[in-house]
Amino acid sequence: MRSVHAVILSLLLLSLSACALFPHRDPLNINVVGIEPLQSQDMEVRFAVKIRVQNPNETPIDYNGVALDLEVNGQPLASGVSDQSGSIARFSETVLSVPVSVSAFSVLRQTLGLSQTQTLNNLPYVLRGKLAGGLFGTVRFVDTGKLSLPGSTAGTRSYRQ
């Protein structure tokens, strides 16, 4: 019985010390820097969302896939994935372009939501995503901010982390 307790205690201590081996990483800084139209099909609209990814860590971040989900005005709008791969060097940045799709139902939902607001200025958005990097290398991120749609009187966009 004592040997069973000793084995369990040893395994517990070993698993706790293994967690300390994973390096602590500061969160990535993500900013939406552009949205460009892409070739669309039938009842969907496609865009290339460009994001600037800054790595404030002492180690590079290797990735082999990108996924994005975009909410505007509290409603899901677009999602997309890309199988691009690469590395973001330590204390470096890069711009990634990810194609996203907007379904006709998302457009309808957004249109109904926008009809209840007085202005197209300062619409809140949330961009969630991840840089896939294997079992323990995946890095998740969130960018929030407010944007103004083209044709609005202010015509400015602001982004914040």
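Since this is a predicted model, take the numbers as computed values, not measurements. (Residues numbered from 1 in each chain as written. Predicted model: local features only at pLDDT ≥ 70, side-chain atom pairs only at ≥ 80, totals over all residues. Heavy atoms only, no water.)

Draft legend 1. Quick peek at the nonpolar core. Core analysis: the biggest nonpolar cluster contains 25 residues, and Ile51, Val53, Leu68 and Leu131 have the highest contact counts within it. Listed by contribution, the elements that provide at least two residues to this core are β1 (29-37), β2 (44-55), β3 (61-63), β4 (66-72), β7 (92-103), β8 (123-131) and β9 (139-147). Not counting residues up to four positions away in its chain, the partners in contact with Leu68 are Val49, Ile51, Ala78, Ser79, Gly80, Val98, Val100, Leu127, Arg128, Gly129 and Phe141. (Core = buried A, V, L, I, M, F, W, Y, C linked by side-chain atoms within 4.5 Å. Buried < 20%, exposed > 50% of the residue type's maximum accessible area, 1.4 Å probe, protein only. Helix = DSSP H or I, 4+ residues; strand = E, 2+ residues; numbered from the N terminus. Contact = heavy atoms within 4.5 Å.)

Draft legend 2. The arrangement of the pairing of β8 in detail. Pairing of β4 with β8 involves 7 bridges; the strand directions are antiparallel. Looking at the pairing, Ala67 lines up with Lys130 of β8. One ladder, built from 9 bridges, connects β8 with β9; its direction is antiparallel. Note on β9: the bridge partner recorded for Gly129 is Phe141. (Pairing = 2+ DSSP bridges.)

Draft legend 3. Layout of the pairing of strand β5 (residues 75-82). Here β4 runs beside β5; their pairing, made up of 7 bridges, is antiparallel. Bridging across to β5, Val72 finds its partner in Gln75. As consecutive antiparallel partners, β4 and β5 are separated by 2 residues, and within that stretch Asn73 has a phi angle of approximately 60°, a positive value.

Draft legend 4. Examining the environment of Ser40 more closely. Relative to the helices and strands, Ser40 resides in the loop between β1 and β2. Residues Ser40 and Val102, spaced 62 residues apart in sequence, show a C-alpha to C-alpha distance of 9.5 Å. Here the side chain of Ser40 touches Arg46 through a polar contact of 3.1 Å, landing on its backbone nitrogen. (Polar contact = N/O pair within 3.5 Å; in protein donor to acceptor, adjacent residues only side chain to side chain.)

Draft legend 5. Spatial organisation of the environment of Tyr63. Note on placement: Tyr63 falls in strand β3. It is 5.6 Å that separates the C-alpha atoms of Tyr63 and Gly86, two residues lying 23 residues apart in sequence. What Tyr63 contacts, discounting residues up to four positions off in sequence, is Gln84, Ser85, Gly86, Ser87, Ile88, Leu96, Leu131 and Ala132.

Draft legend 6. Region of the structure containing the side chain of Asn55. Note that Asn55 resides in strand β2. Engagement of the side chain of Asn55 in a polar contact is seen with the side chain of Asn57, the distance being 2.9 Å. Of the polar contacts made by the side chain of Asn55, one reaches the backbone oxygen of Ala89; its length is 3.3 Å.

Draft legend 7. Structural detail: the side chain of Ser82. Tracing the backbone shows Ser82 in strand β5. A relative accessible area of 16% places Ser82 in the buried class. A distance of 3.1 Å separates the side chain of Ser82 from the side chain of Gln84, its partner in a polar contact. Contacts of Ser82, omitting those with residues within four sequence positions, involve Gly65, Val66, Val98 and Pro99.

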